Every structure is written in structure tokens, then in C-alpha cells.
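If you want the building blocks of each chain, they are given just below.
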Amino acid sequence: MKNIMDAPFLTEMRRTTANMYRLGWDERNGGNISCLLQSEEVGRYIDIDSAVREIPIGFEAKELAGRIFIVTGTGRYFKNVQDDPENNLGIIRIAPDGRTARLLWGYKDGGKFTSELPAHLMSHMARLKVDPENRIIMHCHPTHTLAMNYVHELDERKFTHTLWEMCTECIVVFPDGVGVLPWMLCGTNSIGEATAEKMKEFRLVIWGMHGIYGAGKTMDETFGLIETVEKAAQIYMLTAHLPRINTIKDSELRELAEFFGVKYREDFLN
Ligand code: 2HA
Ligand code: ZN
């Protein structure tokens, strides 16, 4: 067996959490990431058939039975993942009944996966139906995106339209737009179900006055989606209180989407 500390998927989780922490998106225990792993790859580092312990997951995720994920731990700080991955991360395999997670590695001091596991697993199930290559679900609290939640209508058409207007690249990066949920109690199956419902349509979902969820094939794609929303929200927050003299027009947004050949939410334009 190879040393798990050298596993690219572990390195990527460590780098990404550190990066997100530095950007101020994951204060204290804010945020969580889950990444669907290939069994063959994990099998090179650990025995994927022997569980350290079993942890109930609180709902049934039968479609994911046998699947292996690396997931950030509940109550854990992104700040600390880089230096102490074995306590702050875990590798879990969904048991055949879909109700239990078998801990294969990590959460060493007795911890468990993020309290948002329902939202993560339900979102994985929804995204895998749209794109079988989807591997990442990422949640965080990006500052400007969150600020924008307080001063902009929480309507997905209007919210997406405003973001698209803020940076030329936005409509090309997230042509499918941004789904928006109202404020809801986090850590519950209900917010998980609502998030997964939005994930059928969107790779990005705003949790009203809480944060954002992103989904993608790779860590770069998912991080890049959130990063682009956050940049647009920053421009919005820097300009919202000033007279708007210029804007990217709807005809220009259409021109961009057509030039770059992306399938965009035409109904989100005026
Ligand atoms: O895990 O961000 O939504 C901490 C959170 C909960
Ligand atoms: Zn959160």
C-alpha cells in the first residue's frame, strides 16, 4: 500500500481548504467539501473493505451504496485541515443499506463527517443524474456573496442577471445561472432536499443569508464557479450604492453566450 499522505485527492482537499480559508470564505467551522473518489484509486492507499467504525447518516442514500467520499469533519476548521488532515477529514464508504457510512480513514479523534452530509449526498445524487462525471460538492460562506444576499432580492432570475452584469466572464462560466433558496435551517434533511432539487437545474445554489453550494467535475471547476460568483458579488457590493452609469447590456450577454457557444438560461435575460 502507498502512503495516503501522498494521495493526490488528499493533497487537493488540504490545498483547497487552506485556500478557501485564506480567502475568508470559511471562518471557524464554516463550510464543507465532499469529493466522490474512485474505488481503485483509494484502494491503492487503504483497504476499502475494512471499516474503522460505522456512522449513521440520518437518511437513505441507497443510490450511493458502495461509493467512497472524502469529506470534511463536523465542527472542524478549514484553517486546520492542511496540517492535520487525519483528524479533520474522513474517507467514508456508503454501506449497502444506504443508511450507514463506513469510516475507512480519518476523523481519528472520534469525529464524524460534516453536519451538512445530507445536503452533500443528496446533491451528489442529483448532479450525478445530470452529469455522471460530477465529483465535488462544495459549501462555503463567501463574504461578498453573503453581503449581496442582504441587499439584493433573493430571486434566482434577478440574482443571476445581476451577477452576469458584473463581470464579462460570468455568463460564460455559469450560463446555467444560480439557484436561490430562502433562509432555511441548516444541517437538516429538508435543506438537503431543497438543495438537491435546485441542483437538478443549477451547479450553484445560494443558501439565503448563509452561503453558497457549488457542484462540479473537479475541484478547480467547482472552486472556479464559486470564485466567479464571489468576484461578481464583490463588484456589485463595491458599486451598489453608487450611480450606475454603465452596464453590460442583455444584447451583449447574448452575444457573449453565443460567441462562446454556451447553453444559457435565456429566460433569465430581459
Ligand atoms: O459546517 O457551514 O452550514 C458548517 C457550515 C454549516
Ligand atoms: Zn454553512
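Above this text sits the structure in question.
Residue positions are given per chain, counting from 1 as you read along its sequence in written order. Throughout, the order in which chains and ligands are written sets their labels, letters from A for the former and numbers from 1 for the latter. Only residues with pLDDT of at least 70 get local features here, since the model is predicted, and only at 80 or more are side-chain atom pairs given and counted; chain-wide, interface and lining totals rely on the full set of residues. Side-chain measures here rest on the full set of heavy atoms in the structure, leaving out hydrogens and waters.

Brief notes about the coordination of the zinc ion (ligand 2)
Phase 1: For the zinc ion (ligand 2), the full set of protein donor atoms is His139 (NE2), His141 (NE2) and His210 (NE2), at a range of 2.0 to 2.1 Å.
Phase 2: In the primary sequence, the donor residues of the zinc ion (ligand 2) line up as H-x1-H-x68-H. Of the two residues, His139 sits in strand β6 (residues 136–140) while His210 sits in the loop between β8 (204–207) and β9 (211–216), which places them 71 residues apart along the sequence. The burial state of His139 is the same as that of His210; both residues are buried. Donor atoms: N, O and S within 2.8 Å of the metal, or within 3.2 Å for Na, K and Ca. Because water is excluded, sites can look incomplete. Numbering of helices and strands runs from the N terminus, with a helix taken as a DSSP run of H or I at least four residues long and a strand as a DSSP run of E at least two residues long. Exposure classes here rest on a 1.4 Å probe applied to the protein chains alone. A residue is buried below 20% of its type maximum, exposed above 50%, and partly exposed in between.

What to know about the site of ligand 1
Phase 1: Any residue with at least one heavy atom within 4 Å of a molecule or strand is counted as near it. Taken together, Asn29, Gly30, Gly31, Asn32, Glu116, His139, His141 and His210 make up all the residues around ligand 1.
Phase 2: Within the contact set of ligand 1, an oxygen atom lies 2.9 Å away from a side-chain nitrogen or oxygen of Asn32.
Phase 3: In this structure, Glu116 approaches ligand 1 through a side-chain N or O atom, which is 2.7 Å from an oxygen atom.
Phase 4: All accessible-area figures derive from a Shrake-Rupley calculation using a 1.4 Å probe, and residue coverage is judged against the displayed protein chains alone. Protein contacts shield 88% of the accessible area of ligand 1, which totals 220 Å² for the unbound molecule. Polar contact is defined as a pair of N or O atoms within 3.5 Å, subject to the rule that within protein one atom must be able to donate a hydrogen and the other to accept it, and that residues adjacent in sequence are counted only when both atoms are side-chain atoms.

A word on the packing of aromatic side chains
Phase 1: In this scheme Phe, Tyr and Trp rings, the latter by its six-membered ring, pair at centre separations within 6.5 Å, and the angle between planes marks the pair as stacked below 30 degrees, edge-to-face above 60, and tilted otherwise. One pass over the structure, following the stated rule, counts six aromatic pairs.
Phase 2: Look at Phe9 and Tyr45: their rings are 5.8 Å apart centre to centre, the planes differ by 90 degrees, and that puts the pair in the edge-to-face class. Taken as a pair, Phe9 in helix α1 (residues 8–22) and Tyr45 in the loop between α2 (39–43) and β2 (53–56) lie far apart in primary sequence, 36 residues in all.
Phase 3: Between Phe259 and Phe260, the ring centres sit 5.1 Å apart and the planes meet at 85 degrees, which makes this aromatic pair edge-to-face.

Observations concerning the nonpolar core
Phase 1: Nonpolar cores are built from buried Ala, Val, Leu, Ile, Met, Phe, Trp, Tyr and Cys residues. Side-chain atoms within 4.5 Å join them into one set. Ranked by internal contacts, the top residues of the largest apolar core, which has 55 residues, are Ile4, Phe9, Ile70, Ile91, Leu163 and Phe174.
Phase 2: Here the element with the most residues in this core is helix α10 (residues 219–239); it accounts for eight residues.
Phase 3: Not counting residues up to four positions away in its chain, the partners in contact with Phe174 are Leu163, Trp164, Arg203, Leu204, Leu225, Thr228 and Val229.
Phase 4: Judged by nonpolar contacts, the second largest core, of 31 residues, contains Leu64, Ile92, Ala194 and Val205. Here, two residues are considered to be in contact whenever any of their heavy atoms come within 4.5 Å of each other.

Re the side chain of Ser123
Phase 1: By secondary structure assignment, the location of Ser123 is in helix α5 (residues 117–130).
Phase 2: Among the polar contacts listed, one links the side chain of Ser123 to the backbone oxygen of Ala119, at a separation of 2.6 Å.
Phase 3: Once you skip the residues sitting within four places of it in the chain, Ser123 turns out to touch Pro118, Ile137, Thr195, Ala196 and Met199.

Section: empty space enclosed by the protein
Phase 1: Using a 1 Å grid laid over the protein atoms alone, points where a 1.4 Å probe fits but cannot get out form a cavity; open sets with protein on both sides within 12 Å along at least 5 of 7 lines form a pocket; any residue with an atom within 4 Å of a point counts as lining. Grid points are joined across faces, edges and corners, and a volume is the space filled by probe spheres set on the points. Summed over the entire model, instances satisfying the criterion amount to one cavity of 30 Å³ or more.
Phase 2: Along the walls of the largest cavity sit Gly31, Thr72, Gly73, Arg76, Phe78, Val81 and Asn88, which together make up its complete lining.
Phase 3: Split into classes, the residues belonging to the lining of the largest cavity amount to two nonpolar, four polar and one charged. When residues are sorted by character, Ala, Val, Leu, Ile, Met, Phe, Trp, Tyr, Cys and Pro go into the nonpolar class, Asp, Glu, Lys and Arg into the charged class, and all the rest, Gly among them, into the polar class.

Considering the pattern of salt bridges
Phase 1: Salt-bridge detection follows one rule: a side-chain nitrogen of Lys or Arg within 4 Å of a carboxyl oxygen of Asp or Glu. Tallied over the entire structure, the rule returns 15 salt bridges.
Phase 2: Between Lys129 and Glu63 there is a salt bridge whose closest N-O contact spans 3.0 Å. Taken as a pair, Lys129 in helix α5 and Glu63 in the loop between β2 and β3 (68–72) lie far apart in primary sequence, 66 residues in all.
Phase 3: Overlapping salt bridges bring together Asp176, Arg203 and Glu221 as one network.

Focus: α10
Residues three or four positions apart in an α-helix share a direction because the helix packs 3.6 residues into each turn.
Phase 1: Compared with an ideal rise of 1.5 Å per residue, which puts 21 residues at 30 Å, α10 spans 30 Å between its outermost C-alpha atoms and is within 8% of the ideal.
Phase 2: Listing the buried residues of α10 in full gives Met219, Thr222, Phe223, Gly224, Leu225, Ile226, Thr228, Val229, Glu230, Ala232, Ala233 and Tyr236. Here the expected length of a helix is defined as 1.5 Å per residue gap, with one fewer gap than residues.

Comments concerning the sheet that holds β8
Phase 1: By definition, two strands form a pair when at least two bridges between them are found by DSSP. Spatial strand order, β2-β5-β4-β3-β1-β6-β9-β8-β7: nine strands in an open sheet with mixed pairing. Looking at the sheet topology across the chains shown, the edges are occupied by β2 and β7 (179–181). If you compare each strand with its neighbour and ignore which way they point, the axes differ by 25 degrees on average.
Phase 2: Along the sheet, α10 makes contact with β1 (32–37), β6, β8 and β9, crossing β9 at roughly 145 degrees. Orientation is described by axes fitted as lines to C-alpha atoms, over the contacting stretch for helices, and by angles from 0 to 180 degrees between their N-to-C directions.

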